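# Summary of the model geometry
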Amino acid sequence: MSRSNLQRTSVRQSKRKYRKRVYQTEDEYVGFASLPEQVHRKAVKKGFNFTLMVVGESGLGKSTLINSLFLTDIYKDRQIPSVEDRMTKTVEIEKRQIDIEERGVRLRLTVVDTPGYSDALNTQDCCKAVENFVDEQFAQYFKDESGVNRRNIQDSRVHCCLYFISPCGHGLKQVDVEFMKQLHEKVNIVPIIAKADTLTAAEVCKLKNRVLQEIDEHGIKIYEFPDCDSDEDEDFKQQDKELKLAIPFSVIGSNTVLEVNGKKIRGRLYPWGIVEVDNPKHCDFLKLRQMLISTHMQDLKDVTQDVHYENYRAQHISEENKRDLQRERKLKRESCTSLDGVVDADRLLQQKDEEIRRMQEMLKQMQEQLHVSGGRANGTAC
Ligand code: GDP
(Lines give C-alpha, C1' and ligand atoms only; values in the text may rest on other atoms or scores of the structure.)
Protein backbone atom coordinates (compact mmCIF):
# COMPACT_ATOMS: atom_id res chain seq x y z
CA MET A 1 0.00 0.00 0.00
CA SER A 2 1.30 3.44 -0.98
CA ARG A 3 2.07 6.02 1.69
CA SER A 4 -0.88 8.25 0.78
CA ASN A 5 -3.26 5.31 0.85
CA LEU A 6 -1.99 4.35 4.23
CA GLN A 7 -2.63 7.88 5.53
CA ARG A 8 -6.15 7.93 4.09
CA THR A 9 -6.96 4.57 5.71
CA SER A 10 -5.73 5.75 9.05
CA VAL A 11 -7.77 8.99 8.72
CA ARG A 12 -10.85 6.99 7.86
CA GLN A 13 -10.22 4.65 10.75
CA SER A 14 -9.82 7.52 13.17
CA LYS A 15 -13.02 9.13 11.74
CA ARG A 16 -14.87 5.90 12.37
CA LYS A 17 -13.44 5.78 15.87
CA TYR A 18 -14.58 9.38 16.47
CA ARG A 19 -18.08 8.62 15.17
CA LYS A 20 -18.20 5.62 17.47
CA ARG A 21 -17.11 7.74 20.39
CA VAL A 22 -19.79 10.38 19.71
CA TYR A 23 -22.37 7.65 19.33
CA GLN A 24 -21.21 6.07 22.57
CA THR A 25 -21.34 9.43 24.35
CA GLU A 26 -24.92 10.00 23.23
CA ASP A 27 -25.74 6.46 24.15
CA GLU A 28 -24.08 6.77 27.52
CA TYR A 29 -25.82 10.01 28.42
CA VAL A 30 -27.15 9.49 31.92
CA GLY A 31 -28.41 12.96 32.67
CA PHE A 32 -26.42 14.21 35.62
CA ALA A 33 -25.09 17.03 33.48
CA SER A 34 -28.35 18.81 34.24
CA LEU A 35 -27.67 18.74 37.99
CA PRO A 36 -26.49 22.40 38.10
CA GLU A 37 -29.79 23.44 36.44
CA GLN A 38 -31.77 21.45 39.01
CA VAL A 39 -29.84 23.10 41.85
CA HIS A 40 -30.32 26.49 40.22
CA ARG A 41 -34.09 25.99 39.82
CA LYS A 42 -34.48 24.80 43.40
CA ALA A 43 -32.42 27.66 44.81
CA VAL A 44 -34.36 30.25 42.82
CA LYS A 45 -37.65 28.74 44.02
CA LYS A 46 -36.50 28.83 47.64
CA GLY A 47 -35.15 32.37 47.42
CA PHE A 48 -32.03 33.78 49.02
CA ASN A 49 -31.36 35.54 52.24
CA PHE A 50 -28.52 37.80 53.26
CA THR A 51 -27.77 39.68 56.46
CA LEU A 52 -25.68 42.78 56.21
CA MET A 53 -24.50 44.72 59.23
CA VAL A 54 -23.44 48.37 59.06
CA VAL A 55 -21.24 49.70 61.81
CA GLY A 56 -19.71 53.12 62.29
CA GLU A 57 -20.20 56.50 63.93
CA SER A 58 -23.53 58.26 63.43
CA GLY A 59 -23.62 60.58 60.45
CA LEU A 60 -21.05 58.71 58.37
CA GLY A 61 -23.68 57.97 55.72
CA LYS A 62 -24.56 54.35 56.57
CA SER A 63 -28.28 54.57 55.86
CA THR A 64 -27.75 56.67 52.74
CA LEU A 65 -25.33 54.08 51.38
CA ILE A 66 -27.64 51.16 52.08
CA ASN A 67 -30.49 52.92 50.30
CA SER A 68 -28.17 53.69 47.38
CA LEU A 69 -26.91 50.10 47.23
CA PHE A 70 -30.29 48.43 47.11
CA LEU A 71 -32.23 51.30 45.49
CA THR A 72 -34.83 51.28 48.25
CA ASP A 73 -35.82 53.41 51.19
CA ILE A 74 -35.18 50.98 53.98
CA TYR A 75 -34.97 53.73 56.62
CA LYS A 76 -38.41 55.34 56.07
CA ASP A 77 -39.47 55.25 59.71
CA ARG A 78 -36.11 56.24 61.14
CA GLN A 79 -35.98 58.65 64.11
CA ILE A 80 -32.79 60.62 64.56
CA PRO A 81 -31.88 61.04 68.28
CA SER A 82 -30.86 64.39 69.73
CA VAL A 83 -27.28 65.15 70.78
CA GLU A 84 -28.18 64.70 74.51
CA ASP A 85 -29.71 61.32 73.75
CA ARG A 86 -26.62 60.30 71.87
CA MET A 87 -24.33 61.19 74.79
CA THR A 88 -26.18 58.98 77.23
CA LYS A 89 -27.55 56.28 74.99
CA THR A 90 -25.85 52.91 74.64
CA VAL A 91 -25.56 51.16 71.32
CA GLU A 92 -28.79 49.70 69.97
CA ILE A 93 -29.20 46.94 67.45
CA GLU A 94 -31.85 47.59 64.82
CA LYS A 95 -32.95 45.03 62.28
CA ARG A 96 -34.78 45.93 59.09
CA GLN A 97 -35.93 43.45 56.51
CA ILE A 98 -36.90 43.91 52.89
CA ASP A 99 -37.74 41.50 50.09
CA ILE A 100 -36.23 42.45 46.78
CA GLU A 101 -36.91 40.74 43.47
CA GLU A 102 -34.84 40.98 40.32
CA ARG A 103 -35.55 38.91 37.20
CA GLY A 104 -37.51 36.37 39.20
CA VAL A 105 -34.82 35.94 41.87
CA ARG A 106 -36.03 36.83 45.34
CA LEU A 107 -33.66 38.15 47.99
CA ARG A 108 -34.64 38.67 51.61
CA LEU A 109 -32.22 41.30 52.80
CA THR A 110 -31.78 42.00 56.50
CA VAL A 111 -29.89 45.14 57.38
CA VAL A 112 -28.59 45.33 60.93
CA ASP A 113 -27.82 48.87 62.01
CA THR A 114 -26.07 49.92 65.18
CA PRO A 115 -27.34 53.42 66.04
CA GLY A 116 -25.48 54.94 68.92
CA TYR A 117 -22.25 53.12 68.06
CA SER A 118 -19.32 55.13 69.44
CA ASP A 119 -21.61 58.13 70.19
CA ALA A 120 -21.60 57.71 73.95
CA LEU A 121 -18.56 58.87 75.89
CA ASN A 122 -17.87 55.32 76.98
CA THR A 123 -17.09 53.50 73.76
CA GLN A 124 -15.98 50.22 75.32
CA ASP A 125 -19.46 48.74 75.57
CA CYS A 126 -20.36 49.29 71.90
CA CYS A 127 -18.08 46.52 70.66
CA LYS A 128 -19.43 44.16 73.32
CA ALA A 129 -23.04 44.89 72.34
CA VAL A 130 -22.34 44.12 68.68
CA GLU A 131 -20.32 41.02 69.60
CA ASN A 132 -23.17 39.76 71.79
CA PHE A 133 -25.59 40.23 68.91
CA VAL A 134 -23.39 38.26 66.51
CA ASP A 135 -22.99 35.47 69.11
CA GLU A 136 -26.73 35.38 69.79
CA GLN A 137 -27.39 34.73 66.08
CA PHE A 138 -24.88 31.87 66.10
CA ALA A 139 -26.44 30.48 69.30
CA GLN A 140 -29.92 30.63 67.77
CA TYR A 141 -28.74 28.85 64.62
CA PHE A 142 -26.97 26.21 66.71
CA LYS A 143 -30.14 25.66 68.76
CA ASP A 144 -32.32 25.41 65.63
CA GLU A 145 -29.86 23.10 63.94
CA SER A 146 -29.75 20.77 66.95
CA GLY A 147 -33.54 20.81 67.33
CA VAL A 148 -36.08 18.30 66.12
CA ASN A 149 -37.53 20.37 63.28
CA ARG A 150 -34.70 21.52 61.06
CA ARG A 151 -36.82 22.15 58.00
CA ASN A 152 -37.47 25.86 58.24
CA ILE A 153 -34.41 27.22 59.96
CA GLN A 154 -34.24 30.99 59.65
CA ASP A 155 -30.63 31.97 59.15
CA SER A 156 -30.10 35.27 60.92
CA ARG A 157 -26.32 35.02 61.13
CA VAL A 158 -24.47 38.16 60.04
CA HIS A 159 -22.86 37.44 56.68
CA CYS A 160 -21.02 40.69 56.20
CA CYS A 161 -20.17 43.76 58.25
CA LEU A 162 -19.52 47.01 56.42
CA TYR A 163 -17.30 48.98 58.77
CA PHE A 164 -17.41 52.73 58.12
CA ILE A 165 -14.18 54.65 58.68
CA SER A 166 -14.37 58.39 59.12
CA PRO A 167 -12.79 60.45 56.31
CA CYS A 168 -11.83 63.11 58.89
CA GLY A 169 -9.20 61.12 60.77
CA HIS A 170 -5.69 60.18 59.73
CA GLY A 171 -6.37 56.48 59.89
CA LEU A 172 -8.15 54.15 62.27
CA LYS A 173 -9.44 55.41 65.61
CA GLN A 174 -9.02 53.38 68.78
CA VAL A 175 -12.65 52.26 68.67
CA ASP A 176 -12.19 51.05 65.06
CA VAL A 177 -9.20 48.92 66.05
CA GLU A 178 -10.97 47.58 69.15
CA PHE A 179 -14.08 46.66 67.18
CA MET A 180 -12.28 44.93 64.35
CA LYS A 181 -10.00 43.00 66.71
CA GLN A 182 -12.95 41.84 68.77
CA LEU A 183 -15.07 40.74 65.84
CA HIS A 184 -12.73 39.73 63.02
CA GLU A 185 -13.03 36.04 63.89
CA LYS A 186 -16.81 36.13 64.07
CA VAL A 187 -17.87 38.09 61.01
CA ASN A 188 -16.60 39.09 57.55
CA ILE A 189 -15.44 42.68 57.96
CA VAL A 190 -15.31 44.87 54.86
CA PRO A 191 -13.76 48.27 55.68
CA ILE A 192 -15.16 51.35 53.97
CA ILE A 193 -13.99 54.94 53.81
CA ALA A 194 -17.14 56.99 54.19
CA LYS A 195 -18.00 60.26 52.42
CA ALA A 196 -15.10 60.05 49.99
CA ASP A 197 -16.29 63.24 48.31
CA THR A 198 -14.94 65.19 51.27
CA LEU A 199 -11.39 64.14 50.31
CA THR A 200 -9.24 64.72 47.25
CA ALA A 201 -8.11 61.70 45.22
CA ALA A 202 -4.62 61.94 46.74
CA GLU A 203 -6.07 62.11 50.27
CA VAL A 204 -8.23 59.04 49.59
CA CYS A 205 -5.16 57.14 48.40
CA LYS A 206 -3.14 58.20 51.46
CA LEU A 207 -5.94 57.27 53.87
CA LYS A 208 -6.40 53.88 52.19
CA ASN A 209 -2.71 53.06 52.56
CA ARG A 210 -2.69 54.20 56.18
CA VAL A 211 -5.77 52.10 57.02
CA LEU A 212 -4.29 49.01 55.35
CA GLN A 213 -1.01 49.51 57.18
CA GLU A 214 -2.78 49.81 60.55
CA ILE A 215 -4.95 46.76 59.82
CA ASP A 216 -1.75 44.84 59.17
CA GLU A 217 0.04 46.20 62.26
CA HIS A 218 -2.82 45.23 64.55
CA GLY A 219 -3.14 41.75 63.05
CA ILE A 220 -6.74 42.39 62.01
CA LYS A 221 -8.23 39.85 59.60
CA ILE A 222 -10.64 41.56 57.24
CA TYR A 223 -12.67 39.60 54.65
CA GLU A 224 -10.24 37.98 52.26
CA PHE A 225 -11.32 37.77 48.66
CA PRO A 226 -10.96 34.26 47.26
CA ASP A 227 -8.40 33.68 44.54
CA CYS A 228 -9.65 33.79 41.01
CA ASP A 229 -9.82 30.42 39.19
CA SER A 230 -7.09 30.05 36.58
CA ASP A 231 -9.63 29.11 33.87
CA GLU A 232 -11.60 32.36 34.31
CA ASP A 233 -11.53 34.76 31.36
CA GLU A 234 -9.11 37.69 31.32
CA ASP A 235 -11.82 40.35 31.86
CA PHE A 236 -13.01 38.62 35.01
CA LYS A 237 -9.44 38.27 36.28
CA GLN A 238 -8.82 41.98 35.68
CA GLN A 239 -12.08 42.91 37.47
CA ASP A 240 -11.13 40.72 40.41
CA LYS A 241 -7.68 42.33 40.60
CA GLU A 242 -9.17 45.83 40.59
CA LEU A 243 -11.65 44.83 43.28
CA LYS A 244 -8.88 43.59 45.57
CA LEU A 245 -6.79 46.70 44.96
CA ALA A 246 -9.69 48.98 45.89
CA ILE A 247 -9.91 47.82 49.54
CA PRO A 248 -10.85 49.70 51.73
CA PHE A 249 -13.59 50.87 49.36
CA SER A 250 -14.06 54.63 49.31
CA VAL A 251 -17.75 55.39 48.90
CA ILE A 252 -20.16 58.23 48.34
CA GLY A 253 -23.82 57.84 49.15
CA SER A 254 -26.73 59.83 47.81
CA ASN A 255 -30.37 59.26 47.18
CA THR A 256 -30.77 62.35 45.06
CA VAL A 257 -31.24 61.85 41.35
CA LEU A 258 -29.81 64.73 39.31
CA GLU A 259 -30.16 65.42 35.62
CA VAL A 260 -26.94 66.07 33.74
CA ASN A 261 -27.02 66.54 29.95
CA GLY A 262 -30.37 64.80 29.82
CA LYS A 263 -29.00 61.82 31.73
CA LYS A 264 -30.26 60.89 35.19
CA ILE A 265 -27.51 60.21 37.69
CA ARG A 266 -27.30 59.72 41.44
CA GLY A 267 -24.93 62.19 42.99
CA ARG A 268 -24.25 65.13 45.26
CA LEU A 269 -24.50 68.65 43.95
CA TYR A 270 -21.85 71.18 44.97
CA PRO A 271 -21.26 74.79 43.82
CA TRP A 272 -18.18 73.53 41.98
CA GLY A 273 -19.84 70.56 40.32
CA ILE A 274 -21.40 67.16 40.84
CA VAL A 275 -19.92 64.04 42.43
CA GLU A 276 -21.41 60.94 40.93
CA VAL A 277 -22.06 57.89 43.08
CA ASP A 278 -21.85 55.47 40.14
CA ASN A 279 -18.75 56.97 38.57
CA PRO A 280 -15.68 54.75 39.18
CA LYS A 281 -13.47 57.83 38.80
CA HIS A 282 -15.20 59.47 41.76
CA CYS A 283 -15.43 56.56 44.20
CA ASP A 284 -15.55 52.75 44.62
CA PHE A 285 -19.33 52.53 45.06
CA LEU A 286 -19.78 50.36 41.95
CA LYS A 287 -16.97 48.03 43.01
CA LEU A 288 -18.51 47.64 46.45
CA ARG A 289 -21.91 46.90 44.95
CA GLN A 290 -20.45 44.46 42.48
CA MET A 291 -18.55 42.63 45.21
CA LEU A 292 -21.40 42.57 47.70
CA ILE A 293 -24.21 41.64 45.37
CA SER A 294 -22.99 40.29 42.03
CA THR A 295 -19.80 38.39 42.71
CA HIS A 296 -19.12 37.62 46.37
CA MET A 297 -22.48 37.36 48.17
CA GLN A 298 -22.39 33.55 48.15
CA ASP A 299 -18.75 33.47 49.22
CA LEU A 300 -19.53 35.76 52.17
CA LYS A 301 -22.25 33.29 53.20
CA ASP A 302 -19.93 30.32 52.72
CA VAL A 303 -17.17 31.87 54.85
CA THR A 304 -19.75 32.66 57.54
CA GLN A 305 -20.90 29.03 57.53
CA ASP A 306 -17.57 27.25 57.06
CA VAL A 307 -15.24 29.46 59.09
CA HIS A 308 -17.00 31.75 61.57
CA TYR A 309 -19.92 29.48 62.48
CA GLU A 310 -17.68 26.40 62.60
CA ASN A 311 -15.38 28.25 65.04
CA TYR A 312 -18.37 29.16 67.20
CA ARG A 313 -19.74 25.62 67.04
CA ALA A 314 -16.45 23.97 67.97
CA GLN A 315 -15.88 26.40 70.84
CA HIS A 316 -19.46 26.06 72.07
CA ILE A 317 -19.33 22.26 72.04
CA SER A 318 -15.95 22.16 73.84
CA GLU A 319 -17.27 24.60 76.48
CA GLU A 320 -20.39 22.47 76.94
CA ASN A 321 -18.25 19.35 77.33
CA LYS A 322 -16.07 21.12 79.88
CA ARG A 323 -19.16 22.22 81.83
CA ASP A 324 -20.57 18.65 81.74
CA LEU A 325 -17.27 17.28 83.02
CA GLN A 326 -17.18 19.80 85.86
CA ARG A 327 -20.80 19.00 86.76
CA GLU A 328 -20.01 15.27 86.76
CA ARG A 329 -16.97 15.76 88.99
CA LYS A 330 -18.96 17.88 91.43
CA LEU A 331 -21.71 15.26 91.59
CA LYS A 332 -19.13 12.54 92.22
CA ARG A 333 -17.53 14.58 94.99
CA GLU A 334 -20.91 15.24 96.61
CA SER A 335 -21.93 11.59 96.44
CA CYS A 336 -18.55 10.63 97.95
CA THR A 337 -19.00 12.97 100.93
CA SER A 338 -22.55 11.74 101.47
CA LEU A 339 -21.28 8.13 101.41
CA ASP A 340 -18.63 9.06 103.98
CA GLY A 341 -21.39 10.53 106.12
CA VAL A 342 -23.38 7.28 105.96
CA VAL A 343 -20.31 5.27 106.97
CA ASP A 344 -19.62 7.65 109.91
CA ALA A 345 -23.21 7.43 111.13
CA ASP A 346 -23.11 3.62 110.96
CA ARG A 347 -19.89 3.55 112.93
CA LEU A 348 -21.36 5.89 115.57
CA LEU A 349 -24.47 3.75 115.87
CA GLN A 350 -22.35 0.64 116.28
CA GLN A 351 -20.33 2.36 119.03
CA LYS A 352 -23.52 3.41 120.83
CA ASP A 353 -24.92 -0.13 120.55
CA GLU A 354 -21.70 -1.49 121.98
CA GLU A 355 -21.83 1.01 124.86
CA ILE A 356 -25.46 0.16 125.63
CA ARG A 357 -24.62 -3.54 125.56
CA ARG A 358 -21.71 -2.98 127.99
CA MET A 359 -23.89 -0.88 130.31
CA GLN A 360 -26.57 -3.57 130.28
CA GLU A 361 -23.97 -6.20 131.19
CA MET A 362 -22.63 -4.03 134.01
CA LEU A 363 -26.15 -3.51 135.30
CA LYS A 364 -26.82 -7.23 135.18
CA GLN A 365 -23.61 -7.96 137.13
CA MET A 366 -24.47 -5.35 139.72
CA GLN A 367 -27.96 -6.80 140.13
CA GLU A 368 -26.49 -10.27 140.56
CA GLN A 369 -24.03 -9.01 143.16
CA LEU A 370 -26.82 -7.24 145.01
CA HIS A 371 -28.88 -10.40 144.93
CA VAL A 372 -25.99 -12.49 146.33
CA SER A 373 -25.09 -9.98 149.07
CA GLY A 374 -28.81 -9.58 149.96
CA GLY A 375 -29.17 -13.41 150.37
CA ARG A 376 -26.08 -13.56 152.53
CA ALA A 377 -27.36 -10.82 154.81
CA ASN A 378 -30.67 -12.61 155.19
CA GLY A 379 -28.82 -15.87 156.12
CA THR A 380 -26.78 -14.16 158.90
CA ALA A 381 -29.88 -12.75 160.44
CA CYS A 382 -31.40 -16.29 160.73
P1 GDP B 1 -25.86 57.50 59.36
O2 GDP B 1 -26.19 58.13 60.68
O3 GDP B 1 -24.50 56.91 59.38
O4 GDP B 1 -26.89 56.53 58.91
O5 GDP B 1 -25.76 58.69 58.29
P6 GDP B 1 -26.85 59.19 57.24
O7 GDP B 1 -26.98 58.26 56.10
O8 GDP B 1 -28.11 59.54 57.96
O9 GDP B 1 -26.15 60.52 56.70
C10 GDP B 1 -25.87 61.61 57.52
C11 GDP B 1 -25.71 62.87 56.64
O12 GDP B 1 -24.60 62.71 55.78
C13 GDP B 1 -26.91 63.15 55.75
O14 GDP B 1 -27.11 64.52 55.71
C15 GDP B 1 -26.49 62.63 54.39
O16 GDP B 1 -27.09 63.34 53.34
C17 GDP B 1 -24.99 62.90 54.42
N18 GDP B 1 -24.24 61.97 53.61
C19 GDP B 1 -24.49 60.65 53.44
N20 GDP B 1 -23.59 60.11 52.62
C21 GDP B 1 -22.75 61.11 52.25
C22 GDP B 1 -21.60 61.18 51.41
O23 GDP B 1 -21.16 60.20 50.82
N24 GDP B 1 -20.98 62.39 51.30
C25 GDP B 1 -21.41 63.50 51.95
N26 GDP B 1 -20.77 64.63 51.77
N27 GDP B 1 -22.48 63.45 52.74
C28 GDP B 1 -23.15 62.30 52.90
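Residues numbered from 1 in each chain as written. Predicted model: local features only at pLDDT ≥ 70, side-chain atom pairs only at ≥ 80, totals over all residues. Heavy atoms only, no water.

With that settled, consider the side chain of Arg 157. Along the polypeptide, Arg 157 turns up in the loop between α5 (124–146) and β4 (160–165). A residue is classified by how much of its surface remains accessible, and Arg 157, at 3% relative accessible area, is buried. Polar contacts involving the side chain of Arg 157 include one to the side chain of Asp 155, which spans 2.8 Å. Leave out the neighbours within four places in its chain, and Arg 157 touches Thr 51, Gln 137, Phe 138, Tyr 141, Thr 304, Gln 305 and Tyr 309. (Helix = DSSP H or I, 4+ residues; strand = E, 2+ residues; numbered from the N terminus. Buried < 20%, exposed > 50% of the residue type's maximum accessible area, 1.4 Å probe, protein only. Polar contact = N/O pair within 3.5 Å; in protein donor to acceptor, adjacent residues only side chain to side chain. Contact = heavy atoms within 4.5 Å.)

Next up on the list: a negative patch on the surface. Negative charge collects at one region of the surface, where Glu 224, Asp 227, Asp 229 and Asp 231 lie side by side. As for its position among the elements, Glu 224 is in the loop between α7 (201–217) and α8 (234–245). (Patch = residues over 30% accessible without salt bridge, like charges linked within 9 Å, V, L, I, M, F, W, Y side chains within 5 Å. Areas by Shrake-Rupley, 256 points an atom, 1.4 Å probe, with all protein chains shown as cover. Salt bridge = Lys/Arg side-chain N within 4 Å of Asp/Glu carboxyl O. Lys, Arg positive; Asp, Glu negative; His and termini not counted. Charge placed at Lys NZ, Arg CZ, Asp CG, Glu CD.)

Moving on, we come to the site of the ligand. Taken together, 15 residues lie around the ligand, and Gly 59, Ser 63, Thr 64, Asp 197 and Gly 253 are the ones closest in. In this structure, Gly 61 approaches the ligand through a main-chain N or O atom, which is 3.1 Å from an oxygen atom. Within the contact set of the ligand, a nitrogen atom lies 3.2 Å away from a side-chain nitrogen or oxygen of Arg 268. About the coverage of the ligand: the protein hides 76% of its 570 Å² of free accessible area. Within the residue set of the shell around the ligand, elements represented by two or more residues are α3 (62–70) and β8 (263–270). (Near = heavy atom within 4 Å.)

With that out of the way, let us pick up helix α2 (residues 35–46). Spacing of three or four residues puts side chains on the same side of an α-helix, whose turn is 3.6 residues. Look at α2: 17 Å from first C-alpha to last across twelve residues, which is about the 16 Å you get at 1.5 Å a residue. Of all twelve residues in α2, zero are buried, a share of ten percent or less. Backbone geometry just after α2 places Gly 47 at a positive phi near 85 degrees. (Expected span 1.5 Å × (residues − 1).)

In the structure shown here, the tally under the stated rule is 19 salt bridges. One salt bridge connects Arg 157 with Asp 155, and the closest N-O pair in it is separated by 2.8 Å. Each member of the pair Arg 157 and Asp 155 is classed as buried. Members of the salt-bridge network, linked through shared partners, are Lys 128, Glu 131, Asp 135 and Lys 186.

Once that is clear, we can look at the pairing of strand β5 (residues 189–193). When you tally the buried positions in β5, you get five out of five residues, the bulk of the element. The alternating pattern of β5 places Ile 189, Pro 191 and Ile 193 and Val 190 and Ile 192 on opposite faces, both of which are buried. Regarding the hand of the β-α-β motif, the stretch spanning β4, helix α6 (residues 174–183) and β5 is right-handed. The sheet contact formed by β5 and strand β6 (residues 249–250) spans two bridges and is parallel. The partner of Ile 192 across the bridge, within β6, is Phe 249. (Right-handed = clockwise from strand over helix to strand, strands pointing away. Pairing = 2+ DSSP bridges.)

Here we come to a positive patch on the surface. Taken together, Arg 329, Lys 330, Lys 332 and Arg 333 make up a surface patch of like positive charges. Tracing the backbone through its elements, the reader meets Lys 330 in helix α10 (residues 297–381).

Let us look at the UniProt feature "coiled-coil region" (unreviewed entry) in the protein. Using the residue numbers shown here, the UniProt feature "coiled-coil region" (unreviewed entry) corresponds to residues 342–369. The span residues 342–369 carries 100% helix and 0% strand; its end-to-end C-alpha distance comes to 41 Å. (UniProt positions renumbered as here; feature names shortened; annotations may be inferred.)

It is worth spelling out the sheet that holds strand β1 (residues 48–55) at this point. Strand order in the open sheet formed by six strands is β2-β3-β1-β4-β5-β6, and the pairing between neighbours is mixed. One side of each edge strand has no neighbouring strand; the edge strands of this open sheet are β2 (94–102) and β6. Most of the contacts of α3 go to β1, to which it runs at about 155 degrees, and overall it touches β1, β2, β3 (105–113), β4 and β5. (Axes fitted to C-alpha atoms, helices over the stretch in contact; angles between N-to-C directions.)

With antiparallel pairing, three strands are arranged side by side in an open sheet as β7-β8-β9. Either end of the sheet is taken by a strand with one partner, and the two such strands are β7 (257–260) and β9 (273–276). For this sheet, the mean angle separating the axes of adjacent strands, direction not counted, is 70 degrees.

Packed helices, taken two at a time, are described by the angle their axes make and the gap between the axes. For the pair α3 and helix α9 (residues 285–295), the least separation of the axes is 11 Å and the interaxial angle reads 70 degrees. By the angle between their axes, α3 is roughly perpendicular relative to α9. Judged by the sense of rotation from one axis to the other, the crossing of α3 with α9 is right-handed. Listed contacts from α9 to Leu 65, Ser 68, Leu 69 and Phe 70 of α3 are Phe 285, Leu 288, Arg 289, Leu 292 and Ile 293. By residue class, the composition of the contact of α3 with α9 is seven nonpolar, one polar and one charged. (Parallel < 35°, antiparallel > 145°, perpendicular 65-115°, else oblique. Left-handed = near helix turned anticlockwise from the far one by under 90°. Nonpolar A, V, L, I, M, F, W, Y, C, P; charged D, E, K, R; others polar.)

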